[in-house]
Structure formats: structure tokens, C-alpha cells
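# Analysis of the macromolecular model
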Amino acid sequence: MTQLGSISNPYLYETLNMMIDQPIVVQTEKIIQQGKLISVLPEDIVVEVSRSPFFIRMEEIVWVTLATRKK
């Protein structure tokens, strides 16, 4: 288990941990990525997009939200 003192943004880390296995939308400094949140690490998150894992650095995240499902 990671100590929260070593994480640059513990609030974001804990919030993302509650979103694991959910579809999310993440805006970084360069792109907006949508996929399933697979894992949350101290410095990265792993988002599955079309069955491929994408690592996104925590420091690049501008915002993150749960993806809405279209009806």
C-alpha cells in the first residue's frame, strides 16, 4: 500500500481509487481520453481504451469525471 504522504495530490489519488473499473473521461494538458479506469498508481493512472492500456501521468491531469452513458 502506498503512503499518502508520498503522493503529490492525495485527494485526486483517493477519488480515482473510487472510480476503478468505471468508464471515465480524463483531460490532460494535451488530449481528452475516454476509457475504463483499470489502475491507480502513485504517479500514473491506467485507462483501457479499445483493449489497450494507456498510462496517464497524474501531474498531467487537468480534470477527470465519470463518463455518461448515451441512451
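Described in the following lines is the structure provided in the data block. What you see is a predicted model; the values in this text were computed from it and never measured.

### Re the pattern of salt bridges
According to the stated counting rule, one finds three salt bridges in the structure shown. Here Arg57 makes a salt bridge to Asp44, at a shortest N to O gap of 3.6 Å. Of the two residues, Arg57 sits in strand 4 (residues 52-57) while Asp44 sits in strand 3 (residues 44-49), which places them 13 residues apart along the sequence. Classification of Arg57 as partly exposed rests on a relative accessible area of 32%. Taking relative accessible area as the criterion, Asp44 reaches 17% and is therefore assigned buried. With its nearest N and O atoms 4.0 Å apart, the salt bridge here joins Glu59 to Arg57. Judged by its relative accessible area of 61%, Glu59 falls in the exposed class. Salt bridges sharing common partners tie together Glu43, Asp44, Arg57 and Glu59.

### Describing the sheet that holds strand 5 (residues 61-66)
The strand order across the open sheet formed by five strands is 4-3-2-1-5, and the pairing between neighbours is antiparallel. Bordering the open sheet on either side are strand 4 and strand 5, each of which pairs with just one other strand. When strand polarity is set aside, the average angle formed by the axes of neighbouring strands in this sheet is 45 degrees. One ladder, built from five bridges, connects strand 1 (residues 23-28) with strand 2 (residues 32-40); its direction is antiparallel. Counterpart to Val25 in the pairing with strand 2 is Gln34.

Procedures and definitions
Residues numbered from 1 in each chain as written. Predicted model: local features only at pLDDT ≥ 70, side-chain atom pairs only at ≥ 80, totals over all residues. Heavy atoms only, no water. Salt bridge = Lys/Arg side-chain N within 4 Å of Asp/Glu carboxyl O. Helix = DSSP H or I, 4+ residues; strand = E, 2+ residues; numbered from the N terminus. Buried < 20%, exposed > 50% of the residue type's maximum accessible area, 1.4 Å probe, protein only. Pairing = 2+ DSSP bridges. Axes fitted to C-alpha atoms, helices over the stretch in contact; angles between N-to-C directions.

Don't take any of this as a statement about function, it's just geometry.
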